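Residue-level listing of the chains:
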Amino acid sequence: VWGQGCTVQSTDETAQGTIDAFMSDPRNQVELTSHQARTMKEQDLQVLGNLYFAFFTAPDGSSVVRTLPAEEVMEIVCNPEDAREPWFYKRQWTASTLDVVTGVSKQVPRIAWYPDFRYEPADRPDRIGSDPVMWDSPVYHVRVGGLSDMRFGLPETYQAQDWAKAYNVFLENWSTIVQAYARFAFK
């Protein structure tokens, strides 16, 4: 997909300046905008079926892109009137914190809600239940596989699993036949 790279351009000079700053930011190159990062994201999408791009606002006002690990997104909450309009992504993970005095790492369970990048309600609650809502980190969800009404994607490799299992059985059987031929030839 990324054989020759990609170019993002705008006819508006101000917009092009913003695009160039985003693309050349080393923090974004590590996650998305370098050739290697894009190739790795393509592989992640094939294997996981979902990518969750979170856009964090840096103190200098720039946007830093990161992906939320797919296994940490537990729930996608949609508009109750329209299931194709996602509102929030519930993330549950374990953060490792280091006590610099003792040198001991401690595992801390965390839960947070991330809004969909298109969801802009008039009322923005700071919390859902007792968990924070990360309004400064909207999420863009990319999914492949599955049906149109499914909230989570399916890996592209999922369809090959049954064939891989069947081929494994075939190879085991073929090995047994070859071993029998070898015994026959030896005698």
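Notes on the structure follow.

Rules and cut-offs
Residues numbered from 1 in each chain as written. Predicted model: local features only at pLDDT ≥ 70, side-chain atom pairs only at ≥ 80, totals over all residues. Heavy atoms only, no water. Helix = DSSP H or I, 4+ residues; strand = E, 2+ residues; numbered from the N terminus. Rg over C-alpha atoms; globule rule 2.2 N^0.38 Å. Buried < 20%, exposed > 50% of the residue type's maximum accessible area, 1.4 Å probe, protein only. Contact = heavy atoms within 4.5 Å. Areas by Shrake-Rupley, 256 points an atom, 1.4 Å probe, with all protein chains shown as cover. Lys, Arg positive; Asp, Glu negative; His and termini not counted. Charge placed at Lys NZ, Arg CZ, Asp CG, Glu CD. Salt bridge = Lys/Arg side-chain N within 4 Å of Asp/Glu carboxyl O. Phe/Tyr/Trp six-rings, centres within 6.5 Å; stacked < 30°, edge-to-face > 60°.

What about the overall build of the chain?
Next, step 1: When helices and strands are tallied, the chain shows four helices and eight strands.
Next, step 2: In the chain, the succession of α and β elements from N to C terminus is α-α-α-β-β-β-β-β-β-β-β-α.
Next, step 3: Taken over the C-alpha trace, the chain has a radius of gyration of 23 Å; the compact-globule value for 187 residues is 16 Å, which it surpasses by more than 25%.
Next, step 4: Principal-axis analysis of the C-alpha atoms gives the chain an extent of 80 × 50 × 45 Å.
Next, step 5: A total of 187 residues make up the chain; the buried ones form 26% of that total.
Next, step 6: Of the contacts made within the chain by residues no fewer than 6 positions apart, 42% connect residues no fewer than 24 positions apart.
Next, step 7: Surface summary for the chain: the accessible area is close to 13100 Å², and the carbon and sulfur share equals 56%.
Next, step 8: Between the mean site of the 17 positive side-chain charges and the mean site of the 25 negative ones, the chain shows a separation of 9 Å.

Brief notes about the pattern of salt bridges
Next, step 1: Taken as a whole, this structure holds five salt bridges when the rule is applied.
Next, step 2: Two residues, Lys 41 and Glu 31, come together in a salt bridge whose shortest N-O distance is 2.9 Å. With Lys 41 in helix 3 (residues 35-48) and Glu 31 in helix 2 (residues 26-33), this residue pair connects regions lying ten residues apart in the sequence.
Next, step 3: Glu 31 sits in the buried class, given a relative accessible area of 11%.
Next, step 4: One connected set of salt bridges, linked through shared partners, spans Glu 31, Lys 41 and Asp 44.

Re the packing of aromatic side chains
Next, step 1: Using the criterion set out here, one finds eight aromatic pairs in the structure.
Next, step 2: Summarising the aromatic geometry, the rings of Phe 88 and Tyr 119 are spaced 5.4 Å apart at their centres and angled 80° between planes, so their arrangement reads as edge-to-face. Of this pair, Phe 88 sits in strand 4 (residues 82-99) while Tyr 119 sits in the loop between strand 5 (104-115) and strand 6 (127-128), and the two are 31 residues apart along the sequence.
Next, step 3: For Tyr 119, a relative accessible area of 14% puts it in the buried group.
Next, step 4: Each ring, one from Phe 88 and one from Trp 135, has its centre 5.7 Å from the other, and the planes form 70°; the classification is edge-to-face. Taken as a pair, Phe 88 in strand 4 and Trp 135 in the loop between strand 7 (131-132) and strand 8 (139-143) lie far apart in primary sequence, 47 residues in all.

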